[in-house]
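# Structure at a glance
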Amino acid sequence: MPSDQMIFLLLDLVLIVAAARVLGWLAERLGQPPVIGEIVAGVLAGPTLLGAHLSETVFPHDIRSYLTAFANVGVMIFMFSAGLEMDLRSVAGRRRSVTAVALSAYLTPFALGSAVAVWALARHDGGNRLNFALFIGCALAVTAFPVLARILHDRKLLGTRLGQTAMTCAALDDVLAWCVLAVVIGIARPGLGHHWRLLLFVPLVVVLWWAVRPALDRIAGAGSEKNPSNMVFVGVSGALLLGATTEWIGLHLIFGAFLFGVVFPRRLRAAVDSGAQLLSSIFLPAFFVVAGLQVDLGGLDRTSIAEFAAIMFAALAGKLGGTYSAARFGRTGRTESAALAALMNTRGLTELVILNVGLTIGVIDQRLYSLLVMMALITTAMTAPLLKLFGVPHTLRDDGAPQGTGKTERRAESAVQTEAAAS
């Protein structure tokens, strides 16, 4: 890398992290998770606010590939941290109901999104209507697994039954999303011919669970508690390696990193997570900027506004309605079902990854990409207000009790606990 590119890269990384911190803090002051501010920082870095010339001056094209590399590392480390928080025992007795909720939460918005693609977004289809409809359905059906983990972590709900159910459903939905995306890529680029690798995902999971997990347990039992920095190295390195493996398979690099977190020894997770979270907080904001650089809302017309309304309707009706109805059918209480629907409506990071793929392979154009990014931002920002509306407290203390002493908050928490116990 030439010296001038190195200087620009380092300065841009400092600018990105600083902007993410400031806007994340402002988002928290407005009752939103910090990730909303980080996404907004990415959008503001694009041509919508700065203009194309200034945006390209601040973030030159010749360093954007390096920013993308930093962004992918941040995503993988964060997904590793999310896997560390995952407790499969919490849903051991509810596999059937969780699977039903996940399928409904995916298939309903997928069907509505595909219909909207054919009906309201036809001018963007690029000549292959089937592939375009599949992609729009996939984009509207996804739940942003990393962003959901971030929201649950910030609200201290990740270890609760509601949080674990949402995480499991989101993981299943994202697996479906990547499988559909593989089909879309195969249609758009028939010469690639690598989709047989998806069949290796199941053997990979078997090896991780029955070989890698016991090996890590033996390493953890060999005095690793006395020097947790060694396990931070093992955890981050393993997450990057597994991320590269699932990327080669054809899913996405975030799944390998997440799976390595799931199989990591439980006794060392707290110590390793602190180091991983620090690394993620430095690199992850770069992804939002890389995605936001492609957003340009300056050229939208009246037709675009009508298209955006149709996208929002399909996204909200499909994800909220599909999740809530399936949860209620599975005898989950009304409050918990509504809260689960609000959480599954979270898009954001995974959505941005999928949209970037669609833009890169030419399935969608930049105008529709901008509309879908705004949909992802708005639906993610709706999560906190909806949780408050449905009676879920803003955050929980370490002992699991809600912060604050208001009567409404106490009644809300009591309602969630009562309905969870009843179901």
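Everything in this summary refers to the structure shown in the same document. Every chain is numbered on its own, with residues counted from 1 as its sequence reads. For this predicted model, a pLDDT threshold of at least 70 governs which residues receive local features, and a threshold of 80 or more governs which side-chain atom pairs are given and counted, while totals over whole chains, interfaces and linings are taken from all residues. Note: side-chain values were computed over all heavy atoms of the structure, leaving out hydrogens and water.

This part covers the overall build of the protein chain. In this text, helices come from DSSP runs of H or I with a minimum length of four residues, and strands from runs of E with a minimum of two, each type numbered from the N-terminal end. Along its length, the protein chain carries 20 helices and zero strands. Per-residue burial over the protein chain gives 52% buried out of 423 residues. Considering only contacts within the protein chain whose residues lie at least 6 apart along the sequence, 81% involve residues at least 24 apart. Carbon and sulfur atoms make up 66% of the accessible area of the protein chain, which totals about 18500 Å². Burial classes follow relative accessibility: with a 1.4 Å probe on protein chains only, a residue under 20% of its type's maximum area counts as buried, one over 50% as exposed, and anything between as partly exposed. Note on contacts: a residue pair is in contact if any heavy atoms of the two residues lie within 4.5 Å. Per-residue and other accessible areas were derived by the Shrake-Rupley procedure at a 1.4 Å probe size, with only the shown protein chains allowed to occlude residues.

All right, on to the packing of helix H6 (residues 95-119) against helix H9 (residues 161-188) then. All axes are obtained by fitting lines to C-alpha atoms, using only the stretch in contact for helices, and the reported angles, taken between N-to-C directions, cover 0 to 180 degrees. Their axes nearest at 9 Å, the elements H6 and H9 cross at an angle of 45 degrees. It follows from the interaxial angle that H6 and H9 lie oblique. Taken as a pair, H6 and H9 cross one another with a handedness that is right-handed. Residues Val98, Thr99, Val101, Ala102, Leu103, Ala105, Tyr106 and Phe110 of H6 form the contact with H9, whose own contacting residues are Thr165, Thr168, Cys169, Leu172, Asp173, Leu176, Ala177 and Val180. Residue composition of the contact of H6 with H9, grouped by class: 12 nonpolar, three polar and one charged. Roughly parallel means an angle under 35 degrees; roughly antiparallel means over 145; roughly perpendicular covers 65 to 115; every other angle is labelled oblique. Helix crossings get a hand from a simple test, with the near helix turned counterclockwise from the far one by less than a right angle marking a left-handed crossing and a clockwise turn marking a right-handed one. Charged means Asp, Glu, Lys or Arg here, nonpolar means Ala, Val, Leu, Ile, Met, Phe, Trp, Tyr, Cys or Pro, and polar covers whatever is left, Gly included.

With respect to the secondary-structure elements, Glu336 resides in helix H16 (residues 334-344). We classify Glu336 as buried; its relative accessible area is 7%. Polar contacts, as counted here, are pairs of nitrogen or oxygen atoms within 3.5 Å of one another; within protein the pair requires one atom able to donate a hydrogen and one able to accept it, and residues that are adjacent in sequence qualify only if both atoms are side-chain atoms. Side chain to side chain, Glu336 and Arg161 meet in a polar contact 3.1 Å long.

The next subject is the packing of helix H7 (residues 129-141) against helix H18 (residues 366-381). Close contact between H7 and H18 brings their axes to 11 Å; oriented N to C, the two are set at 20 degrees. Taken together, the axes of H7 and H18 are roughly parallel relative to one another. Crossing of H7 over H18 shows right-handed handedness. Across the interface between the two elements, Phe132, Ile136 and Leu140 of H7 pack against Leu368, Leu372 and Met375 of H18. Split into classes, the residues belonging to the contact of H7 with H18 amount to six nonpolar, no polar and no charged.

Remember that the coordinates give geometry; whether it matters functionally is a separate question.
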